[in-house]
Amino acid sequence: MENFIRKRIDIATCWATNRISAMDTLERYEDSYAIAEEFREWILHIGENNESLRASVLNFPRGLEDLLDQKVND
């Protein structure tokens, strides 16, 4: 689980950094600040409720994975 959380933090950090940079470039400073604050709140509470962390992760659709495997094997 520790590895999972570390990867999730890395991905979220990259996303937030890029999004904040884009908002700053567009001079949408209120949006940039809001993203920074939401990310700060998320990072401060990351270990408190692991169920909500699992719920926030996008999993690769199982049916699509099977279809892709079948196409690769054909």
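Residues numbered from 1 in each chain as written. Predicted model: local features only at pLDDT ≥ 70, side-chain atom pairs only at ≥ 80, totals over all residues. Heavy atoms only, no water.

Participant: Residues and numbers for the pattern of salt bridges, please.
Facilitator: According to the stated counting rule, one finds 3 salt bridges in the structure shown. Arg40 is the salt-bridge partner of Glu37, the closest N and O atoms lying 3.1 Å from each other. Remark: Arg40 and Glu37 occur in helix H2 (residues 29-44); sequence separation between them is 3 residues, near one turn of the helix. The exposure class assigned to Glu37 is partly exposed, which follows from its relative accessible area of 27%. Arg40 is the partner of Glu41 in a salt bridge, and the nearest nitrogen-oxygen pair spans 3.0 Å. (Salt bridge = Lys/Arg side-chain N within 4 Å of Asp/Glu carboxyl O. Helix = DSSP H or I, 4+ residues; strand = E, 2+ residues; numbered from the N terminus. Buried < 20%, exposed > 50% of the residue type's maximum accessible area, 1.4 Å probe, protein only.)

Participant: Give a detailed account of the confidence of the model for the chain, specifying residues and quantitative values.
Facilitator: When pLDDT is averaged across the chain, the result is 77; 69% of the residues are at 70 or more. Of all the helices and strands in the chain, helix H3 (residues 50-55) carries the lowest mean pLDDT, 58, while H2 carries the highest, 88. (pLDDT = per-residue confidence, 0-100.)

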